[in-house]
Amino acid sequence: MEGQGNKIRILDKDTINKIAAGEVIERPASAIKELVDNAIDAGATEVRIEVEKGGKKSILVRDNGCGMSRADALLAYEKHATSKLTKIEDLDTVATMGFRGEALSSITAIAKVEILTRPPEELAGTKVLIHGGQVQESSNIGTAPGTAVHVKDLFYNTPARQKYLKSDKTELAHITEVVMKLALANPEISFTLLSDGKPVLRNPASSELLNSVVNLLGPETARSMLPVESLTGDVVIRGCVSKPELTRGTGDQLFLFVNTRPVSSKAVNAAIRQGYYTKIPKGRYPVAVLSLTLDPQEVDVNVHPRKAEVRFSREKEISNAVTAAVEKTLSEHGLAPEIREKEGKTHQKTLEVREPESRVLIHEKTDVSEKPENGPGKDIGRAAEVPAGGSKLFREKPETYSYPVKDTERRLKRSERLLGITSENEMKEAGKEKEEEKATREERKEKGTEEKTEEERKEKGTQKGIEKGTGEGNGKGTEKRVERAYPEQKPNKKANTDPLEDLRIIGQVSKIYILAEKGEDLVIIDQHAAHERVLYEQILKMKKNRVQELITPITIDLTPKEKVLMEEYIPYLEEHGFGISEFGDNTYVVTFVPDVFGRLEDPGIIHDLISELLAGGKIKKDTGVSEQVCKTMACRAAIKGGAACSLRQMEELVEQLKQAENPYSCPHGRPTVLTFTRGELDRMFARIQ
Ligand SMILES: Nc1ncnc2c1ncn2[C@@H]1O[C@H](COP(=O)(O)OP(=O)(O)O)[C@@H](O)[C@H]1O
Ligand SMILES: [Mg+2]
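An account of the accompanying structure is given in this report. Here the structure is a predicted model, which is why all the values come from computation and not from measurement. (Residues numbered from 1 in each chain as written. Chains lettered and ligands numbered in written order. Predicted model: local features only at pLDDT ≥ 70, side-chain atom pairs only at ≥ 80, totals over all residues. Heavy atoms only, no water.)

**A short note on the sheet that holds strand S8 (residues 198-203)**
Next up, step 1: Ordered by their spatial adjacency, eight strands build an open sheet running S5-S4-S3-S6-S2-S1-S7-S8, and the pairing between neighbours is mixed. In this open sheet, the two strands that pair with only one neighbour each are strand S5 (134-141) and S8. Each strand axis lies, on average, 10 degrees off the axis of its neighbour in the sheet, ignoring direction.
Next up, step 2: Pairing analysis gives six bridges linking strand S2 (residues 58-63) to strand S6 (residues 146-152), with the strands arranged antiparallel. Each residue of the ladder has a partner; that of Leu60, found in S6, is His150.
Next up, step 3: This element, helix H2 (residues 28-41), spans strand S1 (46-52), S2, S6 and strand S7 (190-195) of the sheet and lies at about 15 degrees to S2. (Pairing = 2+ DSSP bridges. Helix = DSSP H or I, 4+ residues; strand = E, 2+ residues; numbered from the N terminus. Axes fitted to C-alpha atoms, helices over the stretch in contact; angles between N-to-C directions. Contact = heavy atoms within 4.5 Å.)

**Comments concerning the pattern of salt bridges**
Next up, step 1: Scanning the model with the defined rule gives 24 salt bridges in all.
Next up, step 2: Asp234 is paired through a salt bridge with Arg314; the nearest N and O atoms lie 3.0 Å apart. Note that Asp234 is positioned in the loop between strand S9 (225-232) and strand S10 (235-242) and Arg314 in the loop between strand S15 (311-312) and helix H10 (315-332), a separation of 80 residues in sequence.
Next up, step 3: Looking at Arg314, the relative accessible area reads 26%, which means it is partly exposed.
Next up, step 4: Salt bridges sharing common partners tie together Asp234, Glu298, Arg314 and Glu317. (Salt bridge = Lys/Arg side-chain N within 4 Å of Asp/Glu carboxyl O. Buried < 20%, exposed > 50% of the residue type's maximum accessible area, 1.4 Å probe, protein only.)

**Focus on the environment of Ser212**
Next up, step 1: Inspection of the secondary structure assignment puts Ser212 in helix H7 (residues 209-217).
Next up, step 2: Relative accessible area serves as the criterion here: at 0%, Ser212 is assigned to the buried category.
Next up, step 3: For the pair formed by Ser212 and Ala183, sequence separation is 29 residues and the distance between their alpha carbons is 7.7 Å.
Next up, step 4: If near-sequence neighbours (up to four positions away) are discounted, Ser212 is found in contact with Leu184, Pro187, Asn203 and Leu217.
Next up, step 5: One polar contact links Ser212 to Asn203, side chain to side chain, over a distance of 3.1 Å. (Polar contact = N/O pair within 3.5 Å; in protein donor to acceptor, adjacent residues only side chain to side chain.)

**What about unusual backbone geometry?**
Next up, step 1: Even without being a glycine, Phe155 presents a positive backbone phi close to 65 degrees.
Next up, step 2: You can see Phe155 is positioned in the loop between S6 and helix H5 (159-163).
Next up, step 3: At Asp196, a position not held by glycine, the phi torsion is positive, near 45 degrees.
Next up, step 4: Locating Asp196 in the fold gives a position in the loop between S7 and S8.
Next up, step 5: With relative accessibility at 47%, the residue Asp196 sits in the partly exposed group.

**So, the site of ligand 1**
Next up, step 1: Taken together, 18 residues form the shell around ligand 1, and within it Asn38, Thr82, Ser83, Lys84 and Gly101 come nearest.
Next up, step 2: The contact in question runs from an oxygen atom of ligand 1 to an N or O atom on the side chain of Ser83, over 2.5 Å.
Next up, step 3: A distance of 3.3 Å separates a nitrogen atom of ligand 1 from a polar side-chain atom of Thr147.
Next up, step 4: Contact with the protein chains covers 92% of the free accessible surface of ligand 1, which is 530 Å². (Near = heavy atom within 4 Å. Areas by Shrake-Rupley, 256 points an atom, 1.4 Å probe, with all protein chains shown as cover.)

**Observations regarding the nonpolar core**
When a protein is soluble and globular, its nonpolar side chains tend to lie buried together.
Next up, step 1: Grouped together as the largest cluster of nonpolar side chains are 94 residues, with contacts concentrated most on Ile49, Phe191, Val213, Phe597 and Ile610.
Next up, step 2: Per-element tally for this core: the top contributor is helix H6 (residues 168-185), with ten residues.
Next up, step 3: Mapped onto the domain boundaries, this core takes at least three residues apiece from domain 1 (13-198) and domain 2 (209-374).
Next up, step 4: Phe191 has contacts with Val36, Ile40, Val47, Ile49, Val179, Leu182, Ala183, Asn186, Leu201, Arg202 and Asn203, leaving out every residue within four places of it along the chain.
Next up, step 5: In this structure, Ile237, Val263, Ala271 and Leu335 belong to the second largest nonpolar core, which totals 28 residues. (Core = buried A, V, L, I, M, F, W, Y, C linked by side-chain atoms within 4.5 Å. Domains from an automatic or database assignment.)

**What about the pairing of strand S4 (residues 125-131)?**
Next up, step 1: Burial runs high along S4: six of the seven residues are buried.
Next up, step 2: Bridge count between strand S3 (residues 112-118) and S4: six bridges; the pairing is antiparallel. Within the sheet, the bridge partner assigned to Thr117 lies in S4 and is Thr126.
Next up, step 3: Remark: six residues form the turn of the hairpin made by S3 and S4, two consecutive strands paired antiparallel.
Next up, step 4: Bridge count for S4 against S5 is seven bridges, and the pairing is antiparallel. Bridge pairing in S5 places Lys127 opposite Ser139.
Next up, step 5: Connecting S4 to the antiparallel partner S5 that follows it, the hairpin turn spans two residues, and Gly132 within it adopts a positive phi of roughly 50 degrees.

**Some words on the sheet that holds strand S20 (residues 579-582)**
Next up, step 1: Read from one edge to the other, the open sheet built from three strands follows the order S19-S21-S20, with strand pairing classed as antiparallel. The sheet terminates laterally at strand S19 (547-557) and S20, the two strands that pair on one side only. Neighbouring strand axes in the sheet, compared pairwise and without regard to direction, differ in orientation by 15 degrees on average.
Next up, step 2: Where S20 meets strand S21 (residues 587-594), four bridges bridge the pair, whose relative direction is antiparallel. Residue pairing in the sheet places Ile580 in a bridge with Val590 of S21.

Fair warning: the whole summary comes from geometry, so function is off the table for now.
Right, here's the structure in full:
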C-alpha cells in the first residue's frame with residue numbers, strides 16, 4: 001500500500017502493541033498494580049513484591065492464588081485474553097480488579113517476562129518466557145502453588161518511554177504508594193514489598209483494618225482514628241477517619257476504596273471534608289481510610305484506562321452518605337460538627353443513616369483511639385493553632401485564624417537573633433557579607449536610578465523594584481512572573497529610589513499588610529512575605545551548629561512512601577539543623593531543630609514542613625533539595641498573615657528586610673513591597689489624567 005506520496009501508513013502489529021502498552025503501563029508502579037490486581041483476583045492470601053532499582057531492572061510479584069493451567073498460561077499474555085469477562089453485559093457486574101485482558105499482554109510486549117505458575121491441585125507447574133511479546137520458551141517445571149511473574153528490563157524495547165522514568169527512589173516511592181493503597185484496601189491479604197532486598201512495607205493479613213492503619217500510616221495516626229461504619233440504602237461505608245485534631249496540609253491521606261478498588265473521587269474527598277464542617281481549618285485535610293461497598297452496576301470503573309477514577313451513577317447520594325457517616329462517627333465521639341446554618345439540611349433529607357445489620361465494629365478489640373497515653377507526638381497536625389473544641393473565632397471565620405502579638409514578637413526575635421552574630425569567625429564572615437551586601441545595595445540603587453525615567457517605566461510597565469539586586473536574577477523564572485503580574489511598580493525617579501528607605505510606618509491592614517509613607521508615595525509591605533525573605537536568606541547562610549535540642553523529642557509518623565522519600569531528604573535536613581532519625585517502622589523522631597524555630601511551641605510545624613517537602617513525591621535534583629528545605633523552613637517560621645504587629649515590630653521587620661540581599665520578593669517569587677507613587681494615586685483618583 002505504500003506508494004509514492006503516501007504519508008499515511010498502517011502501523012505494524014508490534015508497534016501498535018507497544019504504543020497501547022504504554023497507555024496501560026506508564027511506569028514500574030503501574031506494572032506492579034496490574035500484577036497485584038491479578039494476584040488479588042486469583043484469590044491470593046499472600047502477595048510478595050520484590051523490586052530492583054525502582055522496578056526498572058526487575059519486578060517480581062509472587063502470589064499463592066489459584067494459578068494457571070499450562071493452556072491458560074500460554075494464553076494469558078495474548079491481547080484481550082481474560083478469564084473474567086465473557087460478554088459485554090458482564091461489564092456491568094464485574095467484581096474483579098481486572099477484566100480487559102490487557103495487563104499481561106502489555107507488560108510482556110515491553111519487557112522480558114518469566115511466568116511460573118501452578119494451580120494448587122496440579123502436580124506440575126508451567127514456565128513461560130516471553131520477550132517483547134514473543135514466547136521464547138515454555139516448559140513444565142516444579143514450582144510453588146500460585147503464580148510468580150518476573151518482569152525484567154521494563155521498556156527495554158521502548159527507549160522513548162524509558163526516558164520518562166524518574167530516579168530509582170522516585171519510582172520506588174510510586175510503587176510504595178500503589179502497594180500501600182492495595183494493602184489498605186485488602187487488609188485480609190498479607191503484603192510484603194522489598195526493594196533491593198530490603199523491606200519497605202509489610203502488612204500481615206488481619207481482619208482488623210486498624211492493624212493495617214498502624215502498619216501503614218503509623219501508630220500515632222492510628223491512635224487518632226475513629227471507626228466509621230454505616231449503611232445508607234444499599235451503600236455500606238466502613239473504615240476510619242481521624243479526629244479533627246489530626247490534619248494534613250494535603251489530601252494525600254484520604255484513602256478511598258470502592259468495592260475494594262483503590263480509587264480517587266474528588267466528590268467523595270469533598271464529602272469527607274464536609275463531614276468535619278468547621279472542625280478543620282480551611283486548607284487542611286483529615287486522614288481517612290474509607291471503603292465503600294455498593295452494587296457494581298452503580299460504579300463505572302471503565303472511565304480511566306488505569307481505573308483510578310470512578311464515576312458513580314448516584315454521586316450526590318453517595319457523597320451525602322459519606323458526609324453523614326463521618327458526622328455520625330464524630331458525634332458518637334463527642335466531636336459533632338456544629339449545627340449547619342445554611343447548607344445544613346441538604347443531605348439529611350435524602351439520607352437515613354442506620355446501623356448496619358452486622359454489628360461488627362472494626363475497633364471492637366483495639367480501640368487505641370481512646371488510649372490515655374497519647375505519646376509526645378499527640379499534637380501532630382495543627383493542634384496548637386486549632387483549638388480542640390473549635391473556638392468561637394474558628395467557627396465564624398475558619399480561614400482567618402488570628403495570631404497573638406506574642407507570636408509576632410517571638411518570630412521577629414528569632415530572626416533578630418539570627419541576624420545577630422556570635423562567634424568571632426562568624427563575625428568576620430558576617431562583616432564581609434555586610435560589606436558585600438552594602439556594595440550590592442549600592443549597585444542596585446545605582447542601577448535603579450539609571451533607569452528611572454518616566455518613559456521607560458511606562459514602556460516596560462513592570463516592577464523593577466523586585467528585580468534581583470545582585471544582577472543574577474535578571475527577571476528570570478519566578479521573578480519574571482511576578483514582574484508581569486505586578487506592573488507599574490518601579491521606584492520613582494527621585495534620588496532615593498529604594499522603596500524601603502526612609503519609611504514612615506502608618507499602620508497595619510487586615511493584620512497582613514504594613515502601610516507606610518515614603519515621601520509622597522504609599523508603600524505596602526506583605527508582612528509574611530517580607531519576613532519569609534528575611535528568614536530565607538538567614539537560613540541559607542546558617543551554619544549547621546545553630547541548632548537547639550528539643551526537651552521533648554517529637555515523633556512523627558510517615559507512610560511507607562514518605563519514608564522512602566525521607567531517607568533521601570535526611571542528609572539535607574541534617575545539613576540545615578534537623579536531628580532526625582528512624583524510630584520504629586514508620587516513625588521518626590526529631591531531636592534537634594534549627595534555631596530559626598525557637599522554642600518549638602507547635603510540633604505540628606515540623607510535621608507539616610516534612611510532609612510539605614515530601615508531598616511533591618519526588619526527589620528534586622541535588623541543588624533543588626537544599627533550597628526547597630530552606631524555603632519551606634522560612635515559610636513555616638515567618639510571621640503569619642493574621643498576626644497582629646505593633647509599630648515597633650513593623651519597624652523592626654522593615655529594618656530586617658532592608659538588610660536582605662533581595663528584599664523585593666519572597667523566596668516563592670511573590671512581591672514583598674509594592675509602591676504607589678503620588679502620581680499613580682493622583683491618576684487613580686482622577687486628579688490628573
Ligand atoms: N497471578 C495470576 N494468577 C492466576 N491467573 C492469572 C494471574 N495473572 C493473570 N492470570 C490470568 O491471566 C488473565 C489475563 O490477565 P490480564 O492480562 O491481567 O487480564 P485481566 O486481569 O484483565 O483478565 C487473567 O484473566 C487470568 O485468568
Ligand atoms: Mg489483570
